[in-house]
Amino acid sequence: MDRVLVVSDRLKELGSIASLSYSDKAEIERLYKEVLDKKFIRTSCNDCYRDAVIEMNVYLKKNGSMKEKSEYGLKNGALLQMGFGSSEMYTNANLTDEIAEKYLAKNPSGIKFFAKKPEDWEERVQKRLAPKVNDELIALMVEALNDGVTADSLKEEFATYKLNGKTISKKTLELHVKKAAEIFSENAVKQVDEVKEEDGADEENDESQKEAPKEDEDGTTTE
């Protein structure tokens, strides 16, 4: 049975227990971490465990899955807003690695709001900032280079090319031209190596034929 269904059924059972035992409470704390990926914090409220069960039930019904495990965690009370006036708000309840790194890419100083983060978070954020190459555009550029078009001419030829409905930026264009040139050079080196290997094989065949003993008409062989 799917783990979500198993947990949901167990939460219904725990929610129906009139008086929770020590082991029941320990189980709720464990499930709270599994479902919501955050530590359960006991309060002075007598219903905090029942509230936790309700919170988990609501989350599972709404999302149909456990919360994605994130290597980032916000400090208590922290709320991330993706931009000034933006309606995108995030807490630990809906925070993911992708969201955290997109936020930090725009606001590096916002790392102060995080209680948990991976050691290489800066490197991860830099990768998020790096523009992604379009394979289709790269293929077109490599084909053009094969036809003898120069890298400078490529920049002129694809200056008005559209990516995702928008005209390609100068920075992104240069990135694609550079990548296409690298692939073109790698292909050229491979072709040269293949020709050398073929020539070497032909020379070996020629040598072996020269060294092979000749057979006379009477059937004897001569060196």
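Scroll up a little and you will see the structure.
Residues numbered from 1 in each chain as written. Predicted model: local features only at pLDDT ≥ 70, side-chain atom pairs only at ≥ 80, totals over all residues. Heavy atoms only, no water.

Peer 1: Would you mind going over helix H1 (residues 3–16) with me for this structure?
Peer 2: An α-helical turn contains 3.6 residues, so a residue and the one three or four places further along point in the same direction. The terminal C-alpha atoms of H1 lie 20 Å apart, and with 14 residues this matches the ideal 20 Å at 1.5 Å per residue to within 8%. Taken as a whole, H1 has its buried residues at Val4, Val7, Ser8, Leu11 and Leu14. Viewed along the axis of H1, the buried residues span an arc of 125°, placing them on a single side of the element. Turned more than 90 degrees away from the buried face of H1, the exposed residues are Lys12 and Ser16. Tucked into the core, H1 has its buried residues touching helix H2 (22–36) and helix H3 (48–63). Regarding H1, its N-cap is Asp2, as a side-chain oxygen of that residue lies 2.9 Å from the backbone nitrogen of Val4 further along. (Helix = DSSP H or I, 4+ residues; strand = E, 2+ residues; numbered from the N terminus. Expected span 1.5 Å × (residues − 1). Buried < 20%, exposed > 50% of the residue type's maximum accessible area, 1.4 Å probe, protein only. Arc of directions from axis to C-beta. Contact = heavy atoms within 4.5 Å. Polar contact = N/O pair within 3.5 Å; in protein donor to acceptor, adjacent residues only side chain to side chain.)

Peer 1: Quick question: what am I supposed to make of the packing of aromatic side chains here?
Peer 2: Here a ring pair, both rings aromatic, is described through the centre-centre distance and the interplanar angle of the planes. Here the structure, examined in full by the defined rule, presents five aromatic pairs. Ring centres of Tyr32 and Phe40 lie 5.5 Å apart, and the angle between their planes is 80°; this geometry places the pair in the edge-to-face category. A single burial state applies to Tyr32 and to Phe40, both of which are buried. Taken together, a centroid distance of 6.5 Å and an interplanar angle of 50° make the contact between Tyr103 and Phe114 tilted. Within this pair, whereas Tyr103 is found in helix H4 (residues 97–106), its partner Phe114 is found in strand E4 (residues 114–116), the two being separated by eleven residues in sequence. For Phe114, a relative accessible area of 4% translates into the label buried. These aromatic residues form a ring-pair network of at least three members: Tyr32, Phe40 and Tyr49. (Phe/Tyr/Trp six-rings, centres within 6.5 Å; stacked < 30°, edge-to-face > 60°.)

Peer 1: Mind showing me how you'd approach the nonpolar core here?
Peer 2: General note: in soluble globular proteins, nonpolar side chains tend to be found buried as a group. Grouped together as the largest cluster of nonpolar side chains are 19 residues, with contacts concentrated most on Val7, Leu11, Ile28, Val35, Met56 and Leu60. Secondary structure elements with two or more residues in this core: H1, H2 and H3. Ranked by residue count, the leading element in this core is H3, at seven residues. In this view, Leu11 contacts Leu31, Val53, Met56, Asn57 and Leu60; residues no more than four positions away in its chain are not counted. (Core = buried A, V, L, I, M, F, W, Y, C linked by side-chain atoms within 4.5 Å.)

Peer 1: Honestly, the pattern of salt bridges in this entry has me stumped. Any pointers?
Peer 2: Side chains that carry opposite charge are capable of pairing whenever their charged atoms lie near each other. Summed over the entire model, instances satisfying the criterion amount to 14 salt bridges. Across the salt bridge formed by Glu34 and Arg3, the nearest N and O atoms sit 2.7 Å from each other. Of this pair, Glu34 sits in helix H2 while Arg3 sits in helix H1, and the two are 31 residues apart along the sequence. Classification of Arg3 by relative accessible area gives partly exposed; the value is 40%. Salt-bridge contacts for Arg30 lead to Glu34; the nearest nitrogen and oxygen are separated by 3.8 Å. (Salt bridge = Lys/Arg side-chain N within 4 Å of Asp/Glu carboxyl O.)

Peer 1: Help me out: how do you make sense of the packing of H4 against helix H5 (residues 121–129) in this one?
Peer 2: Two numbers describe a pair of packed helices, the interaxial angle and the distance between the axes. H5 packs onto H4 with a crossing angle of 80° between their chain directions and a minimal axis gap of 9 Å. On the basis of their axis angle, the class for H4 and H5 is roughly perpendicular. Where H4 abuts H5, its residues Asp97, Glu98, Glu101, Leu104 and Ala105 lie against Trp121, Arg124, Val125, Arg128 and Leu129. Its residues assigned to classes, the contact of H4 with H5 comprises five nonpolar, no polar and five charged. (Axes fitted to C-alpha atoms, helices over the stretch in contact; angles between N-to-C directions. Parallel < 35°, antiparallel > 145°, perpendicular 65-115°, else oblique. Nonpolar A, V, L, I, M, F, W, Y, C, P; charged D, E, K, R; others polar.)

Peer 1: Sorry, what's going on with unusual backbone geometry here?
Peer 2: Leaving glycine out, the prevailing phi sign among residues is negative, and the prevailing peptide bond configuration is trans. For Asp37, which is not glycine, the phi torsion reads 55° and is therefore positive. With respect to the helices, strands and loops of the structure, Asp37 is situated in the loop between H2 and H3. Residue Asp37 is classed as buried on the basis of its relative accessible area, which comes to 13%.

Peer 1: Would you take a moment to explain the packing of H1 against H2 for this structure?
Peer 2: Two elements in contact, H1 and H2, have axes whose closest approach is 12 Å; the angle formed by their N-to-C orientations is 145°. For the element pair H1 and H2, the recorded crossing hand is left-handed. For the pair H1 and H2, contact is made by Arg3, Val7, Arg10, Leu11 and Leu14 and by Asp24, Glu27, Ile28, Arg30, Leu31, Glu34 and Val35, respectively. (Left-handed = near helix turned anticlockwise from the far one by under 90°.)

Peer 1: When you look at the side chain of His176 in this model, what are you seeing that I'm missing?
Peer 2: Considering the arrangement of structural elements, one finds His176 in helix H8 (residues 170–211). Look at His176 and you get buried, because its relative accessible area is 0%. A distance of 2.8 Å separates a polar side-chain atom of His176 from the backbone oxygen of Thr172. Contacts of His176, omitting those with residues within four sequence positions, involve Lys132, Val133, Asn134, Leu137, Ile138, Met141, Leu163 and Ile168.

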